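Structure assessment
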Amino acid sequence: MEIHAMLTGLWDAIARQDAPAMRTYFAPGAVVCWHNTDERFTLEEYLRANCEYPGEWRGRLERAEAVEGGAVSVARVWAADGSVALHAVSFYRFEAGKIARMDEYWGDDGQPPAWRQALGLGRPIGVENGSGEGAE
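Here the residue numbers are simple positions, counted from 1 along each chain's written sequence. Where local features are concerned, this predicted model is filtered to residues with pLDDT of at least 70; where side-chain atom pairs are given and counted, the filter is 80 or more; whole-chain, interface and lining totals use all residues. Excluded from the side-chain calculations are hydrogens and water; all other atoms, namely the structure's heavy atoms, are used.

1. Remarks on a nonpolar patch on the surface
Here, patches come from residues exposed beyond 30% relative accessible area and free of salt bridges, joined within 9 Å for like charges and within 5 Å for nonpolar side chains (Val, Leu, Ile, Met, Phe, Trp, Tyr). A 1.4 Å probe and the Shrake-Rupley method give the accessible areas. Residues count as covered only by the protein chains that appear here. Note on definitions: salt bridges are taken to be side-chain nitrogens of Lys or Arg within 4 Å of carboxyl oxygens of Asp or Glu. A contiguous nonpolar surface patch, about 370 Å² in accessible area, is contributed by W115, L119 and L121. In this description a helix means any DSSP run of H or I spanning at least four residues, a strand means any run of E spanning at least two, and both kinds are numbered starting from the N terminus. Inspection of the secondary structure puts L121 in the segment after α4 (114-119).

2. Here we look at the side chain of D103
Position of D103 among the secondary structure elements: in strand β6 (residues 98-108). Residue burial is assigned from relative accessible area. The probe radius is 1.4 Å, only protein chains are included, and a residue is buried under 20% of its type maximum, exposed over 50%, and partly exposed in between. For D103, a relative accessible area of 13% puts it in the buried group. In contact with D103, other than residues within four places in its own chain, are C33, H35, V89, S90 and F91. Only heavy atoms matter for contacts: two residues are in contact if any of them lie within 4.5 Å across the pair.

3. Focus: the nonpolar core
Here, nonpolar core means buried Ala, Val, Leu, Ile, Met, Phe, Trp, Tyr and Cys residues that are tied together by side-chain atoms lying within 4.5 Å of each other. Judged by nonpolar contacts, the single largest core of 31 residues is most densely connected at L10, W11, F26, Y46, Y92, I99 and M102. Of all elements in the fold, only α1 (3-16), α2 (19-23), β1 (26-34), α3 (43-51), β3 (57-67), β4 (70-79), β5 (85-95) and β6 reach the threshold of two or more residues within this core. Here this core gets 6 residues from one element, more than from any other, and that element is α1. With residues up to four places along the chain from it excluded, the contact list for F26 reads L10, V32, L43, Y46, K98, I99 and M102.

4. Observations concerning the state of the cysteines
Sulfur atoms of two cysteines make up a disulfide when they are within 2.5 Å. This model, assessed by the stated rule, comprises 0 disulfides. Free cysteine: C33, not disulfide-bonded; nearest cysteine sulfur from C51 at 18 Å. Under the relative-accessibility criterion, C33 is labelled buried at 6%. You can call C51 partly exposed: its relative accessible area is 26%.

5. Some details on the pattern of salt bridges
One side chain can pair with another of opposite charge once the charged atoms of both are near each other. The final tally for this structure, using the stated rule, is 9 salt bridges. Between E52 and R48 there is a salt bridge whose closest N-O contact spans 3.0 Å. Each member of the pair, E52 together with R48, is exposed. A salt bridge links D109 to R76, with the nearest nitrogen and oxygen atoms 3.3 Å apart.

6. Describing α1
In an α-helix, one turn spans 3.6 residues; hence positions three or four apart end up facing the same way. A helix is expected to reach a length of 1.5 Å times the quantity of its residues less one. Its 14 residues place the ends of α1 20 Å apart at the C-alpha level, agreeing with the 20 Å of an ideal helix rising 1.5 Å per residue. Listed in full, the buried residues belonging to α1 are M6, L7, G9, L10, W11, A13, I14 and A15. Pairs of N or O atoms within 3.5 Å make up the polar contacts considered here, provided that, within protein, one atom can donate a hydrogen while the other can accept it, and that residues adjacent in sequence are counted only when both atoms are side-chain atoms. Where α1 begins, the side chain of E2 points an oxygen toward the backbone nitrogen of H4, at a separation of 3.1 Å. Looking at the residues trailing α1, positive phi occurs at Q17, about 55 degrees.

Structure follows, in structure tokens:
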């Protein structure tokens, strides 16, 4: 299966909190690490953590790149009620076409901190040179 299609399917299943669908992407004995919180999960623990997380969620894959022996992706996940939005950067190692290891880094979406705003640093990613024209 092509990497982008595979990871799109995975992130669709994650957003739906659909454990049976998620399981199809992983090798038996797969390991998932969430580095921000220093947690290592078995596949069963990972499925439970995702599927028992409270609330209704949406998500989409924003980018996927194949690398030697695996892939890297960026996905956006948000609460259906709009209260929370996050981004995840994930590194995958594959064995026999399935995910054997996934290392994830999660971050909350939000406004820049006040100190950077006060210094006038940066601008929205979609704005190039202050012209209002999208960079993408």
